[in-house]
Amino acid sequence: MISCIIVDDEQHAIDVLIHYISQTPFLQLVKATTNPIEGLEIVNTQKIDLVFLDIQMPELSGLDVARTIQGKAKVILTTAYSEFAAEGFDLEVVDYLLKPIPLPRFFKAVQRVLNTVTSSVTATTNEESIEDDYIFVKTELKGKMLKINLRDIDYIEGMKNYVAIYHAGQKTMALLNMKDLEERLPKKYFLRVHKSYIVSVNKIVAIEGNLVVLKNVKAEILLGETYRNSFYDLMKHKLMG
């Protein structure tokens, strides 16, 4: 769960962000304030992962706040003015959202934060157990993000602009591409076996010619010629005879 605060001097802008955050399962709103000094105090005294930060505010600008909290929390700048973008990114903010903020653009920004936090946790704790790990995916239903436990995934099938994730007896269509998924999923547990298929290594029960057989899965998963050598390289320490 990513803890976040909103610092913005416009109540309407705060209300929009509160609504968006309420639709995002991995975000937990700690506080919304119109006072940037109060926002700084919260970051300094509590464990805050993310700050949604307006730029033009009285007393203290959002850029001043971002400089002060740099390294203590991730920052997404929210503003009606595009001319501050370059300076914002010089401060290594995660994203720069222009008001009025569309919901899909908001989801893209917070997913970037989730990716960063997940990568950081993985790097500091070695590889997280698949039993505890999960992903959130944007589904074909507008505004809906679904949590999928990695241990439940059998395989993933690429379908042009979407992927079909088969997990725990369900099929979830997600607006993702195979390349991004292949890079994001832990290689210890997931393997690309075809341009259209990624499989859970734990679910493999047999290899029959050019087919990968998965536990309790009737679908025919092809082992592509391009991926055959890398597949057997990964499996060779398990091969007997």
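As the structure is a prediction and not an experimental result, all values here were calculated from the model. (Residues numbered from 1 in each chain as written. Predicted model: local features only at pLDDT ≥ 70, side-chain atom pairs only at ≥ 80, totals over all residues. Heavy atoms only, no water.)

1. Here's the deal with the sheet that holds strand E10 (residues 170–174)
Pairing between the strands of a sheet comes from backbone hydrogen bonds, and it takes one of two forms, parallel or antiparallel.
Thought 1: Reading across the sheet, the five strands line up as E10-E9-E8-E12-E11 and stay open at both edges, with antiparallel pairing between neighbours. The sheet is open, and its two borders are formed by E10 and strand E11 (190–194), each paired with just one other strand. Recorded for the sheet is a direction-independent mean angle of 20° between the axes of neighbouring strands.
Thought 2: As judged from the six bridges shared by strand E8 (residues 153–159) and strand E9 (residues 162–167), these two strands associate in the antiparallel manner. The residue of E9 that forms the bridge with Gly-158 is Val-163. (Pairing = 2+ DSSP bridges. Helix = DSSP H or I, 4+ residues; strand = E, 2+ residues; numbered from the N terminus. Axes fitted to C-alpha atoms, helices over the stretch in contact; angles between N-to-C directions.)

2. Quick look at unusual backbone geometry
Glycine aside, negative phi is the norm for most residues, and most peptide bonds take the trans geometry.
Thought 1: Between Lys-99 and Pro-100 the backbone carries a cis peptide bond, its omega angle lying at -10°.
Thought 2: One can find Pro-100 in the loop between strand E5 (95–98) and helix H5 (103–124).
Thought 3: A positive phi angle, near 55°, is found at Lys-160, a position not held by glycine.
Thought 4: Residue placement: Lys-160 occurs in the loop between E8 and E9.
Thought 5: A positive phi is found at Asn-216, a non-glycine position, where the angle reads about 60°.
Thought 6: Tracing the chain through its elements places Asn-216 in the loop between strand E14 (211–214) and strand E15 (221–222).

3. With respect to the layout of surface pockets
Thought 1: Of the volumes computed, that of the second largest pocket is approximately 420 Å³.
Thought 2: Lining of the second largest pocket is provided by 18 residues; of these, Gln-111, Asn-115, Leu-175, Leu-176 and Arg-184 occupy positions nearest its centre.
Thought 3: Contributions of two or more residues to the lining of the second largest pocket are made by H5, strand E6 (134–138) and helix H6 (178–184).
Thought 4: With six residues, the single largest contributor to the lining of the second largest pocket is H5.
Thought 5: When grouped by side-chain class, the residues that make up the lining of the second largest pocket number 10 nonpolar, three polar and five charged. (1 Å grid on protein atoms, 1.4 Å probe; cavity = no way out; pocket = protein on both sides within 12 Å on 5 of 7 lines; lining within 4 Å. Points joined across faces, edges and corners; volume = space filled by probe spheres on them. Nonpolar A, V, L, I, M, F, W, Y, C, P; charged D, E, K, R; others polar.)

4. Brief notes about the packing of helix H2 (residues 36–45) against helix H3 (residues 62–69)
Helix packing geometry: the angle between the two helix axes and the distance between the axes.
Thought 1: Direction vectors running N to C along H2 and H3 enclose 15°, while the axes themselves pass 11 Å from each other. Judged by the inter-axis angle, H2 sits roughly parallel to H3. Crossing hand, H2 versus H3: right-handed. Along the contact surface, H2 presents Pro-36, Leu-40 and Val-43, while H3 presents Val-65, Thr-68 and Ile-69.
Thought 2: Grouping the amino acids of the contact of H2 with H3 by side-chain chemistry returns five nonpolar, one polar and no charged. (Parallel < 35°, antiparallel > 145°, perpendicular 65-115°, else oblique. Left-handed = near helix turned anticlockwise from the far one by under 90°. Contact = heavy atoms within 4.5 Å.)

5. Brief notes about the environment of Ile-42
Thought 1: Residue placement: Ile-42 occurs in helix H2.
Thought 2: Take Ile-42: its relative accessible area is 8%, and that puts it in the buried class.
Thought 3: Placed 12 residues apart in sequence, Ile-42 and Val-30 show a C-alpha to C-alpha distance of 9.2 Å.
Thought 4: For Ile-42, the contacting residues outside a window of four places in its chain are Ile-5, Lys-31 and Ile-48. (Buried < 20%, exposed > 50% of the residue type's maximum accessible area, 1.4 Å probe, protein only.)

6. Looking at the nonpolar core
Nonpolar side chains in soluble globular proteins tend to end up buried together.
Thought 1: Counting 24 residues, the largest nonpolar core has Phe-26, Leu-27, Leu-50, Phe-52, Ile-76, Phe-106 and Val-110 as its most contacted members.
Thought 2: Among the elements of the structure, strand E1 (2–7), helix H1 (11–22), strand E3 (50–54) and H5 are those that each provide at least two residues to this core.
Thought 3: Sort the elements by how many residues they give to this core and H5 lands first, with seven residues.
Thought 4: Discounting chain neighbours no more than four positions away, the residues touching Phe-106 are Leu-17, Tyr-20, Ile-21, Thr-24, Leu-27, Phe-52, Leu-97 and Ile-101.
Thought 5: Ile-48, Ile-55, Leu-77 and Val-93 belong to the second largest nonpolar core, which has 21 residues in total. (Core = buried A, V, L, I, M, F, W, Y, C linked by side-chain atoms within 4.5 Å.)

7. As for the pairing of strand E2 (residues 27–33)
Thought 1: Here E1 runs beside E2; their pairing, made up of six bridges, is parallel. Across the sheet, the residue bridging to Ile-6 is Ala-32, located in E2.
Thought 2: Crossover E1 to E2 through H1 is right-handed. (Right-handed = clockwise from strand over helix to strand, strands pointing away.)

8. Regarding the pattern of salt bridges
Thought 1: Per the stated rule, a full pass over the model turns up 12 salt bridges.
Thought 2: Measuring nitrogen to oxygen at the nearest pair gives 3.5 Å for the salt bridge that ties Asp-54 to Lys-99. Taken together, the positions of Asp-54 in strand E3 and Lys-99 in the loop between E5 and H5 put the pair 45 residues apart, joining distant regions of the chain.
Thought 3: What emerges from the salt-bridge pattern is a single network uniting Asp-8, Glu-10, Asp-54 and Lys-99. (Salt bridge = Lys/Arg side-chain N within 4 Å of Asp/Glu carboxyl O.)

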